[in-house]
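Structural overview
Here is how the chains run, residue by residue.
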Amino acid sequence: MTQKSTFLLGFGLHAGAHGDDPDWRGFWSGLVDQLDGAAEFLTLEDRFADPGQDGLDAILLANWLAPRSRNIGIIAGAPLNFVEPFHVSTAIATLDYVSEGRAGLLAQRLDQQQSVEAGRAIGALNGFPAVDQPSLDRDALAAVDVVRRLWDSWEDDAIIRDVASQRYVDGEKLHYIDFLSADFRVLGPSITPRPPQGQPVVAVSWAVEADLALARAADVVFVPVEGDLAGMVATLQSNGPGTGPKVIADLHIRPNRADATELVAAVRTSAAQGAHGVRLILPAPHRQIAHVIDTLVPFLRADVLIGPPLGGNLRSRLGLPAVRNRYAAAA
Amino acid sequence: MSKKQIILGAQFPGVNNFTVWSDPAAGSQIEFSSFRHFAETVERGKFDFVFLAEGLRVREQKGRFHELDVVGRPNTLAILTALASITQHVGLIGTLTTTFNEPYPLARQLATLDILSGGRAGWNVVTSPGAFTGANFRRGDYLPFRERYERARDFLETARSIWRGGDFYASSSHFDIAGRAGSGPLPQGAPVIAQAGDSDDGRELAAGHADLIYSRHGSLEEGQTFYADVKQRLAKYGRSRDALKILPGANFILGETLEDALEKQKAVRLQQVSPKNAIVFLEQVWNRDLTAYDPDGPLPKVDPDVAVEQLAQGRAARYDNRLETARAWRELAEREKLSIRELIIKVTGRKQFVGTPAQVAEEIDCYVQADAADGFVFAPHLTPGGFDEFVDKVIPILQERKAFRQDYATSTLRGNLALSEAWQPVAKAV
C-alpha cells in the first residue's frame, strides 16, 4: 500500500503516578502539558483495587486530561473482568467525543494477585467471572466484544431530527447487540451515539504465555522488548505482514537518567524485528519527565526514526483503517 | 438580617420531551462543545451546580425504540469529569444508580471526580427498574423490587467508608467486600448527596442520608407541604433543618412582556408535545395502542387496559392507578373542552416560571422565601444555549434582590451550598 509507514512513539503511565505529590491536579495538568505534542499517544493504566494505592479511575482521568490537550491520543485502562462493559463502552465513547477522536481503551488483564484483590473489592457476583485464568480470559474476550458492539449499535446517521415525521431518531438505525456469553448477557443498544472514530482504539498488553485470543482481537498490542520480538510479531500477524494488530514494544525507562544512546539502540532493534513503534514506560514520571522530553525524545527524533506526531484521529495516526459499522446495512 | 439565599441547579436538557429538538436553535446533544457552552454559561451565572439525569437503556414504546424525543447521552461520570477540567467553581452532580453499579468502582469514580474537580462532585442517588435496565448489565434482573432502597442505603454507607480512605469492609445481605482505598480523605470529605425518590422510603432515605432533594413538587402549595414534611423528618436523624436542601425541578420561559412570554410558552409546549407524542403519553395511561386516535380529537371512550404489561419502558412510572387517572383526565377534558393534545400539554407540564426577567426573578424569590423550596433545578428547553438569556437577565435581578450570590464564596460545592453538616473525614488508619 501507499500509506507512509511511521514508527510510533507513546508513553506508558498509570493513574496513580502522582505518587506522594499532594497536588494531584497540578501534577496531572503539568504532565499532560509536557506530553501533548511529544508523542502519538499515552496509556493510562488503572490501579483498580491495588491496596492503598489504587489511584484515580483511569478513564475518568483521561476525560479530565482530554480538554487540556490538543494532539496526544489517550488510551485509558479498565480491568474489564471487574467492571460493567456497558459503562466502559459509554465512558470511552464519551472520551472520544471530548477528545474529538483521540480515544482508546486499554483492556487490562490483572495478574493473579491483583485479580484476587479486585474480586474482594467487588465481591462474588453473578455475571462476573470466577478468579481463575481460563474464566478471566474468556470473560475479557467477551467484554471487549460487548464494548465494541455497543460502539456500533448506533449507525452514524441515526439522529435524523425530521420535523415532518416528528421523529428525532430513526429507530431502524439503532441495534440490539443481544450478546450472550457463558457468564452474562448484554442487550443494548448503547445510550451513547457512535463515537467519532466509530471504533476507538482497543489496546492490550501481551506476553507469549498469555492468552492470544484477546491480543488478536485488539488494534494495538504492547509486548515486552526483552522477549523474542520478531517471533511475537509473527504470531500476532499470522495472516501475513500488515495483517493483525499493530505491535508496540515496551521500553522501560530507568528512573535515574536513562541513556539516550542505549535507547536509540533499543528502538532500532525493535524496528528491525518488525515492531510498529515503542512505548516508553515511565515508572516515576515526576522525576523523569524533564529528561525524557528535553533529552530522550529530541535524540530519537534527530535519529530520524521517529517523526513529530501526526494530526488527526488516533486510528489514522496509528495506521489503522476506518471501520465499517457491523450493523449498518450494506449499501 | 440576611435573606435566605436561593440555590440554583442547571440540568442539561436531555432525554425527554421537554428538550425541544425541532427548533433551529437546538444544537448537538452529544458534542463536547454543547456541554462546554452549557457549563461555562451557568458558571458565569454563578449557579451552584450542573445536573445530569440518567437513563441506562434506550426508551421503548410498544416494543420499538421511542423515536419522538431526544435520545443519546454521554456517560455521566465521564462528561462531568471532562467539565471539571474546564470550569473552576460550578458543582457537578450526576444521577447514578445503586442498582447497576457496585460500591467500590462507583465510590472510587466519585472520589476521582471530587479530586479532579477540587471538591465539586455530587451524586444524585437513584435506583433502577430491574428487568428493563438490567438487560444491559452483567447481573441482569437480580434485585427484588422491595429491596432496592435497602440496597441503596447499604450502598451509600459502604461508599462513605471507602471515601474515608484506608481499609474498608462491608458484610451485609447486599455486599460482601473488602479492600484498602488510597484516595481518601476527599476534598469535600464526601461528594454532595442528592436524592430524588418521592415515596415514603425515598423521603426517609433523603432525611437520613442526603444533602439535597430533587423534588417534583413545584407549585407553591404542594411545594410547601412537601418542604414541611421532609424538613420535619430530619430531627429524628439528629440533623438540623438546614442540613437538607429541597430543590424542585422547574422550567422557565422569558419574554419582553408577560403576554410575549405566554405566547412563547404556548409555542414551546406545542413543540414539546407533538401530535404523535400526545398519543404516546396517552398510551402510558391507557396501556393500549391508540395510534388510530386523532390527537386533535376527544379522548378514547374505551378504558385503560390494566391486564397486560406496561407498554412504555424506561420511564419513571407516574400513573399507578390507570383507571382513576383516565377518569380524571376525561372529566378534565370534557370540562375544559380539551383535545387529546391539549389535555396532555396541560397534565404533563412541570412548574414553569413564565414572564419578564423581573417577574420570573420575583416569583423564584417568593417561592424560596415562602419555604416552598430552597431553590430550583432548572431545565431549559434548548441545548446548549437554553440558559444564555436567564444568566444575562434573571441572575442580575436575583443578585439585586440580595437573594443570590455575586460570586462563589468557597471552592467546594458543599461550601457553596452552605451545608452546615460537612462530612468530617475520619483520620486515616495507619
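Since this is a predicted model, take the numbers as computed values, not measurements. (Residues numbered from 1 in each chain as written. Chains lettered and ligands numbered in written order. Predicted model: local features only at pLDDT ≥ 70, side-chain atom pairs only at ≥ 80, totals over all residues.)

Re the overall build of chain A
A count of helical and extended segments in chain A gives ten helices and twelve strands. Principal axes of the C-alpha set define a box for chain A whose edges measure 65 × 50 × 45 Å. Burial analysis of chain A (331 residues in total) assigns 52% to the buried set. By sequence separation, contacts in chain A at least 24 residues apart represent 75% of the contacts at least 6 residues apart. (Helix = DSSP H or I, 4+ residues; strand = E, 2+ residues; numbered from the N terminus. Buried ≥ 20, exposed ≤ 12 C-beta atoms within 10 Å, placed from the backbone. Contact = placed C-beta atoms within 7 Å.)

Quick look at the nonpolar core
Ranked by internal contacts, the top residues of the largest apolar core, which has 229 residues, are I74, A76 and L95 of chain A together with V50 of chain B. Broken down by element, this core gets its largest block of residues, nine residues, from helix α5 (residues 133-152) of chain A. Three or more residues apiece are contributed to this core by two domains, here domain 1 (7-257 + 350-416) and domain 2 (274-347) of chain B. In contact with I74 of chain A, not counting residues within four places along its chain, are L42, L44, A62, L65, A66, L95, S99, R102, A103 and G104 of chain A. (Core = buried A, V, L, I, M, F, W, Y, C linked by C-beta atoms within 7 Å. Domains from an automatic or database assignment.)

Digging into the UniProt feature "domain: Luciferase-like" (unreviewed entry) in chain A
Under the present numbering, the feature "domain: Luciferase-like" (unreviewed entry) in UniProt falls on residues 37-268 of chain A. Structurally, residues 37-268 of chain A comprises 33% helix and 19% strand, and the distance from its first C-alpha atom to its last is 22 Å. (UniProt positions renumbered as here; feature names shortened; annotations may be inferred.)

A look at the domain arrangement of chain B
Residue and element names in this part refer to chain B. When its domains are assigned, chain B resolves into domain 1 (7-257 + 350-416) and domain 2 (274-347). Distance from the C-alpha centre of domain 1 to the C-alpha centre of domain 2: 29 Å. Each partner contributes to the interface: domain 1 provides nine residues, whereas domain 2 provides ten residues. When its residues are assigned to classes, the side of domain 1 that touches domain 2 shows two nonpolar, three polar and four charged. (Nonpolar A, V, L, I, M, F, W, Y, C, P; charged D, E, K, R; others polar.)

Concerning the interface of chain A and chain B
Contact residues are listed per partner, giving 56 residues for chain A and 58 residues for chain B. In terms of residue count, helix α3 (residues 85-98) of chain A provides more of the side of chain A that touches chain B than any other element does, eight residues in total. A class-by-class count of the residues in the side of chain A that touches chain B yields 31 nonpolar, 14 polar and eleven charged.

Observations concerning the packing of helix α1 (residues 24-35) of chain A against helix α9 (residues 285-302) of chain A
Residues and elements named next belong to chain A. Close contact between α1 and α9 brings their axes to 11 Å; oriented N to C, the two are set at 20 degrees. Classified by the angle between their axes, α1 and α9 sit roughly parallel to one another. Between α1 and α9 lies a crossing whose hand is left-handed. Together, F27, L31 and Q34 of α1 and P285, H286, I289 and I293 of α9 make up the contact between the two elements. (Axes fitted to C-alpha atoms, helices over the stretch in contact; angles between N-to-C directions. Parallel < 35°, antiparallel > 145°, perpendicular 65-115°, else oblique. Left-handed = near helix turned anticlockwise from the far one by under 90°.)

Some points on the UniProt feature "binding site: FMN" (unreviewed entry) in chain B
All names here are of chain B. Feature annotation in UniProt assigns "binding site: FMN" (unreviewed entry) to the following positions: T95, Y149 and S199. Its location among the elements puts T95 in strand β5 (residues 91-97). Since 19 C-beta atoms lie within 10 Å of it, T95 is described here as partly exposed. Those residues in contact with T95, other than ones at most four positions away along the chain, are L52, A53, E54, T76, N124 and V126. Its location among the elements puts Y149 in helix α5 (residues 148-163).

A look at the sheet that holds strand β9 (residues 201-205) of chain A
Sheet strands line up and pair through hydrogen bonds in the backbone, either parallel or antiparallel. Residue and element names in this part refer to chain A. Taken together, the eight strands give a closed barrel; going around it, the order is β1-β2-β3-β4-β9-β10-β11-β12, and neighbouring strands pair in parallel fashion. Within this sheet the neighbouring strands show an average axis-to-axis angle of 25 degrees, counted without direction. In this sheet, strand β12 (residues 277-281) lies alongside strand β11 (residues 246-252) in parallel orientation, the contact comprising five bridges. Across the sheet, the residue bridging to H252 is I281, located in β12. (Pairing = 2+ DSSP bridges.)

As for the sheet that holds strand β4 (residues 64-65) of chain B
Residues and elements named next belong to chain B. Strand order in the open sheet made by the three strands is β4-β3-β12, with antiparallel pairing throughout. Looking along the sheet, the strands with just one partner apiece sit at the ends: β4 and β12 (312-313). Note that strand β3 (residues 60-61) and β12 share two bridges and pair antiparallel. Bridge pairing in β12 places Q61 opposite A312.

Re unusual backbone geometry
Here the residue pair G188 of chain A and P189 of chain A is connected by a cis peptide bond, since its omega of -10 degrees sits within 30 degrees of zero. In the segment running from T383 of chain B into P384 of chain B, the intervening peptide bond is cis, with an omega of -5 degrees. Looking at the element boundaries, P384 of chain B is found in the loop between β14 (375-378) and α13 (388-400). Phi is positive for K62 of chain B, which is not a glycine, with a value near 55 degrees. Structurally, K62 of chain B is set in the loop between β3 and β4. The class for K62 of chain B is partly exposed, based on 13 C-beta atoms found within 10 Å. Residue K337 of chain B is not a glycine yet carries a positive backbone phi of 55 degrees. Residue placement: K337 of chain B occurs in the loop between α10 (322-336) and α11 (340-347).

Observations regarding the confidence of the model for chain B
Residues and elements named next belong to chain B. Looking at chain B as a whole, its pLDDT mean stands at 92, while 96% of the residues score no less than 70. Taken as a whole, residues 422-430 scores under 50 in pLDDT and shows 17 contacts with residues more than four places along the chain or in a different chain. Among the scores for the predicted complex, ipTM is 0.97 and pTM is 0.96. (pLDDT = per-residue confidence, 0-100.)

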